[in-house]
Amino acid sequence: MLRHRTTARGVFFLTLLAALTVGAAAAHPSPAPGAKSTGPTAKAAPAIVFPVIGQASFRDDFGEPRGQGSHEGIDIMAPRRALAVAAEAGTVTFWTTSARAGCMLYLHGESGTTYLYIHLNNDLGKGNDNKGSCVPGVAYTPGLRNGARVEAGEPVGFVGDSGDADGISPHLHFELHPGDGDAANPFKALKQAQRLLFSAPQGTTFTLALAGTIVGSGSGGLQLKVSTVRSWPGGRQIAADGRIVGVTVPQDAMVDAKTVSALAGPSSNVLKGRAVTILTAPAKVTLAAQQGAPGTLTAARVALGS
């Protein structure tokens, strides 16, 4: 069974000077109701989905000293209200009674691994106002219920600075507990994790507006370095992580003559460096599409910038 302890923020500013990417220390309470204990035979932690969508930074601060003991997670720095998503398929448990952790969520993964999402959002305005509470729509994604099952990559909450992270840069304190046991360093898992362009429930229909810079064209498609992603339903805009994504451009897509010419041959540098916004055709949400995997995104409209 998970053992819990608290950490403190006392060394934050020293750590910030040393690395510039560390957040507040984590805190977590007694075990959540219904948390699984699968014992020493539990599967090893699986390959995971990166738990924050869009721009995010982290370093290996696992085990660093804190006022309440060593740091049992990794602090992922991200914008306030950045989407936090399920690292693997499983069930969620809300935890709302820890002054140090603030708004917190347990993800009990199918592999037997338990993940802790700590310092979720409790603000209602653009800044740090602490006027919200640990409820769906503020800390957790709208409509999410305590005990609900989620698929890998589905939204579960919003990055914030609740608990003893109050007033410090928003971040997600992320813990990984294989077999629901002691905390293991999630740094390697995070480095190797699948990072997503957007998040939405599996099986629903999505449309994206991808803005960025063209890095290649030809063979009926464009490759762009993505700077922002706006996803529908909802129209949420996300500052992307700068990945390169390929988009198929079919003959019936709305494009200008110059784009059509660049797509005709096997390879072209005619459009390289041009700003572009691509509206994708509606499609079903899959994990591959969320990653922007080849063949999963099709353009309905292409608009070149200057």
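Residue numbering note: each chain is counted from 1, following its sequence as written. Whole-chain, interface and lining totals are the exception, using all residues; otherwise, since this is a predicted model, local features are given only for residues with pLDDT of at least 70 and side-chain atom pairs are given and counted only at 80 or more. Values shown for side chains rest on all heavy atoms present in the structure; no hydrogens or waters enter the calculation.

Q: So what's going on with the confidence of the model for the chain? Which residues, and what values?
A: pLDDT measures the predictor's confidence residue by residue and takes values from 0 up to 100. Here the chain shows a mean pLDDT of 84. Residues at 70 or above account for 83%. Runs of E in the DSSP output that reach at least two residues are strands. Runs of H or I that reach at least four are helices, and both are numbered from the N terminus. Confidence, expressed as mean pLDDT per element, reaches its minimum in the chain at helix H1 (residues 12-19) with 34 and its maximum at strand E6 (residues 102-109) with 97. Residue contacts are counted whenever heavy atoms from the two residues lie within 4.5 Å of one another. A low-confidence stretch, residues 3-28 (pLDDT under 50), is modelled with 97 contacts involving residues beyond four sequence positions or located in other chains. Here residues 30-43 is a poorly scored stretch, pLDDT under 50, and it has 31 contacts once near neighbours within four places are set aside; other chains count.

Q: Describe the state of the cysteines, with residues and values.
A: For this text, the term disulfide refers to a pair of cysteine sulfurs within 2.5 Å. Per the stated rule, a full pass over the model turns up one disulfide. Linked covalently through their sulfurs, cysteine 103 and cysteine 134 form a disulfide whose S-S length is 2.1 Å. Its torsion about the S-S bond being -80°, the disulfide of cysteine 103 and cysteine 134 is classed as left-handed. With a gap of 31 residues between them, cysteine 103 in strand E6 and cysteine 134 in the loop between strand E7 (114-120) and strand E8 (149-150) connect regions that are remote in the sequence.

Q: Just give me the short version of the environment of glycine 221, but keep the residues and values in it.
A: Within the fold, glycine 221 resides in strand E12 (residues 221-232). Taking the C-alpha atoms as reference, glycine 221 lies 9.6 Å from proline 266; in sequence the two are 45 residues apart. In this structure, glycine 221 is in contact with Val247, Thr248, Val249 and Leu263, ignoring residues within four places of it in sequence.

Q: Can you explain the pattern of salt bridges? Please cite residues and give values.
A: We count a salt bridge whenever a side-chain nitrogen from Lys or Arg sits within 4 Å of a carboxyl oxygen from Asp or Glu. Counted according to the given criterion, the structure contains six salt bridges. Here arginine 80 makes a salt bridge to aspartate 123, at a shortest N to O gap of 2.7 Å. Placement of arginine 80 in the loop between strand E3 (74-77) and strand E4 (83-85) and of aspartate 123 in the loop between E7 and E8 is noted, with a sequence separation of 43 residues between them. Under the scheme applied here, a residue whose accessible area is under 20% of the maximum for its type counts as buried, over 50% as exposed, and between as partly exposed, the area being computed with a 1.4 Å probe on protein chains only. For aspartate 123, a relative accessible area of 2% gives the class buried. Across the pair arginine 80 and aspartate 161 runs a salt bridge, and its minimum N-O distance is 3.3 Å.

Q: Lay out the packing of aromatic side chains with the relevant residues and their values.
A: Ring pairs shown here join Phe, Tyr and Trp side chains whose ring centres sit within 6.5 Å, with only the six-membered ring taken for Trp; geometry is labelled stacked below 30 degrees between planes, edge-to-face above 60, and tilted in between. Summed over the entire model, instances satisfying the criterion amount to seven aromatic pairs. Aromatic side chains tryptophan 95 and tyrosine 106 sit 6.1 Å apart centroid to centroid with 70° between the ring planes, which places their arrangement in the edge-to-face category. One end of the pair, tryptophan 95, is in strand E5 (residues 90-98); the other, tyrosine 106, is in strand E6, with 11 residues separating them in the sequence. Given a relative accessible area of 0%, tyrosine 106 falls into the buried group. Where phenylalanine 198 meets phenylalanine 206, the ring centres are 4.7 Å apart and the plane angle is 35°; that geometry is what we call tilted. On the basis of relative accessible area, phenylalanine 198 is assigned to the buried category, the value being 1%. Three or more aromatic residues joined by ring pairs make a cluster, and in this case those are Phe50, Phe58 and Phe187. The criterion is that NZ of a Lys, or CZ of an Arg, lies within 6 Å of the ring centre and within 35 degrees of the ring normal, and then a charge sits over that ring. Sitting above the plane of the phenylalanine 50 ring, arginine 195 keeps its charged end 4.0 Å from the centroid.

Q: An account of the sheet that holds E5 is needed here, citing residue identities and associated values.
A: In spatial order, the strands read E3-E10-E7-E6-E5-E8; together these six strands make up an open sheet with antiparallel pairing. Looking at the sheet topology across the chains shown, the edges are occupied by E3 and E8. Alignment of E7 against strand E10 (residues 171-177), held across five bridges, turns out to be antiparallel. Bridge pairing in E10 links threonine 114 to histidine 177. Two strands pair if DSSP finds at least two bridges between them.

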